[in-house]
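Topology and contacts: notes
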Amino acid sequence: MKHLKYLIQPLILLMILGCDTQEVKYNKFSIDYSEKIFIPSDIDFIILSPYAKVRGNRDKAYAYISLTELSKSSINFKDFPKDVFMQYNKTWSSFLVDISHPAWQKLIDQEIAWIKKQGFNKVFIDTVDGIETLCQLNNDNCELYKQKAKQILQHIKAKLPEGMIINRGFTLYPHIKDIVDGVLIESYFFGKQGNKFVRRNQSDMDWLNAWVQRFNNDKQMILAIDYAENLSLTERKELQKIANETGILWKLTNEALYW
């Protein structure tokens, strides 16, 4: 993915527009991490970088925060204590961090202060599934990481109470479902094998759809994106239909996130 100059590890650079089924609550939204953004009047909401120069209704915006990773391109990277890093993520040029360290809470507070200063009151929480990797790296501290993640998210919600969407975060979801308004499922129909994205097998889809059903039961907004190429228009329409009927607002892009 293309990294942002002033953002803790970016997730995606894409535009998602609409679907025409009644199963999905929101008809139009976008995710755009450009440095300059105009928020159209005809969308329901937008996920964006809190460091972008923004024109338009900021009440429609969800500002980005990373829960568990710090990008090398972040404005905060240079002065952040390197002993807090747990693992390097080569794909995104970012570091998984020990979220129980006071330095991470301080950085989260800095991000919250900046977001509020810019006039945003909703947040999109990325890298929530990093908790699973932290637990794999240090199982003895797994419960500590989960509890700290819950505390951080509750803290963010208290400071920015108008809305919260999380990226994946299945492990944490049961403990934070009352403070989130939506879940984005990255890589829903397709998983990566080597350098290619391939359709998930039935076992994977059954597991994901069990979570989708749970999100639907909890009245959550459900978003999904997939990275894949060379699909026919017919295949795309069929996947869109399946997602919409399941209650998901879905979009297909490629890993480079260019349309």
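Now for a description of the structure that goes with this document. (Residues numbered from 1 in each chain as written. Predicted model: local features only at pLDDT ≥ 70, side-chain atom pairs only at ≥ 80, totals over all residues. Heavy atoms only, no water.)

**Observations regarding the packing of helix α2 (residues 130–137) against helix α3 (residues 142–159)**
At a minimum axis distance of 8 Å, the contact between α2 and α3 shows a crossing angle of 155°. The pairing of α2 with α3 is recorded here as roughly antiparallel in orientation. The element α2 and its partner α3 pack so that their crossing is right-handed. Taken together, the residues of α3 that come into contact with α2 (itself represented by Ile-131, Leu-134 and Cys-135) are Cys-142, Tyr-145, Lys-146 and Ala-149. For the contact of α2 with α3, the per-class residue count stands at six nonpolar, no polar and one charged. (Axes fitted to C-alpha atoms, helices over the stretch in contact; angles between N-to-C directions. Helix = DSSP H or I, 4+ residues; strand = E, 2+ residues; numbered from the N terminus. Parallel < 35°, antiparallel > 145°, perpendicular 65-115°, else oblique. Left-handed = near helix turned anticlockwise from the far one by under 90°. Contact = heavy atoms within 4.5 Å. Nonpolar A, V, L, I, M, F, W, Y, C, P; charged D, E, K, R; others polar.)

**Quick notes on the sheet that holds strand β5 (residues 61–66)**
Judged by pairing direction, the sheet is parallel, and its eight strands sit side by side in the order β1-β3-β5-β9-β10-β11-β14-β15 without closing on themselves. Two strands lie at the open edges of the sheet, namely β1 (29–32) and β15 (249–253), each paired on one side alone. Between one strand and the next, the sheet's axes are offset by a mean angle of 20°, whatever the strand orientation. Relative to strand β11 (residues 182–186), strand β10 (residues 163–167) runs parallel, the two sharing three bridges. Across the sheet, the residue bridging to Ile-165 is Gly-182, located in β11. (Pairing = 2+ DSSP bridges.)

**A few points about the state of the cysteines**
Throughout the structure, instances matching the rule amount to one disulfide. The residue that forms a disulfide with Cys-135 is Cys-142, at a sulfur-sulfur distance of 2.1 Å. Handedness of the Cys-135-Cys-142 disulfide follows from its S-S torsion of about 85°: it is right-handed. The class of Cys-142 is buried, set by a relative accessible area of 9%. (Disulfide = S-S within 2.5 Å. Buried < 20%, exposed > 50% of the residue type's maximum accessible area, 1.4 Å probe, protein only.)

**With respect to the sheet that holds strand β6 (residues 69–71)**
In spatial order, the strands read β6-β8-β7; together these three strands make up an open sheet with antiparallel pairing. Edge strands, defined here as strands with exactly one partner in the open sheet, are β6 and β7 (85–89). Strand-to-strand, the axes of this sheet are offset by a mean angle of 30°, without reference to chain direction. Two strands pair when backbone bridges link them, and β6 and strand β8 (residues 94–97) are joined in this way by three bridges, in the antiparallel orientation. Note on β8: the bridge partner recorded for Leu-70 is Phe-95.

**As for the nonpolar core**
In terms of nonpolar packing, the biggest core is built from 83 residues, with Ile-125, Ile-156, Ile-185 and Tyr-188 touching the most fellow members. Apart from residues no more than four positions distant in its own chain, Tyr-188 is found in contact with Arg-200, Met-205, Leu-208, Asn-209, Val-212, Ala-224, Ile-225, Asp-226, Thr-246, Ile-248 and Trp-250. (Core = buried A, V, L, I, M, F, W, Y, C linked by side-chain atoms within 4.5 Å.)

**Remarks on the environment of Phe-95**
Structurally, Phe-95 is set in strand β8. Residues Phe-95 and Ser-71, spaced 24 residues apart in sequence, show a C-alpha to C-alpha distance of 6.3 Å.

**Re the pairing of β8**
Here β8 shows a buried face lined by Ser-94 and Leu-96 and a second buried face lined by Phe-95 and Val-97. Where β7 and β8 come together, four bridges link them in antiparallel fashion. Bridge pairing in β8 places Phe-85 opposite Val-97.

**A closer look at the pairing of β15**
When you tally the buried positions in β15, you get four out of five residues, the bulk of the element. Where strand β14 (residues 221–227) and β15 come together, five bridges link them in parallel fashion. Looking at the pairing, Ile-225 lines up with Lys-251 of β15. Where the polypeptide runs from β14 across helix α6 (residues 233–246) and back to β15, its parallel neighbour, the crossover connection is right-handed. (Right-handed = clockwise from strand over helix to strand, strands pointing away.)

**Digging into α3**
Helix length check: α3, at 18 residues, gives a terminal C-alpha distance of 26 Å against a target of 26 Å (1.5 Å per residue), a fit within 8%. Looking at α3, one finds that the buried residues are Cys-142, Tyr-145, Lys-148, Ala-149, Ile-152, Leu-153, Ile-156 and Lys-157. (Expected span 1.5 Å × (residues − 1).)

**A look at unusual backbone geometry**
If you check the backbone angles, Thr-127 has positive phi at about 55° while not being a glycine. Here Thr-127 shows up in the loop between β9 (122–126) and α2. Of the residues examined, Thr-127 reaches a relative accessible area of 5% and is grouped as buried. Here Arg-168, not a glycine, exhibits a phi torsion of approximately 50°, which is positive. Here Arg-168 lies in the loop between β10 and α4 (173–176). Assessed through its relative accessible area of 14%, Arg-168 is described here as buried.

**Here we look at α6**
With 14 residues, α6 should reach 20 Å at 1.5 Å per residue; the first-to-last C-alpha distance of 20 Å fits that figure. If you check which residues of α6 are buried, you get Leu-239, Gln-240, Ala-243 and Asn-244. Each buried residue of α6 sits inside an arc of 135° when the element is viewed along its axis, so together they form one side. Exposed residues lying more than 90 degrees from the buried face of α6 are Thr-234 and Lys-237. In this structure, the buried residues of α6 make contact with β12 (190–193), β13 (196–199) and β15. Immediately beyond the C-terminal end of α6, within one or two residues, lies Gly-247, with a positive phi of roughly 95°. (Arc of directions from axis to C-beta.)

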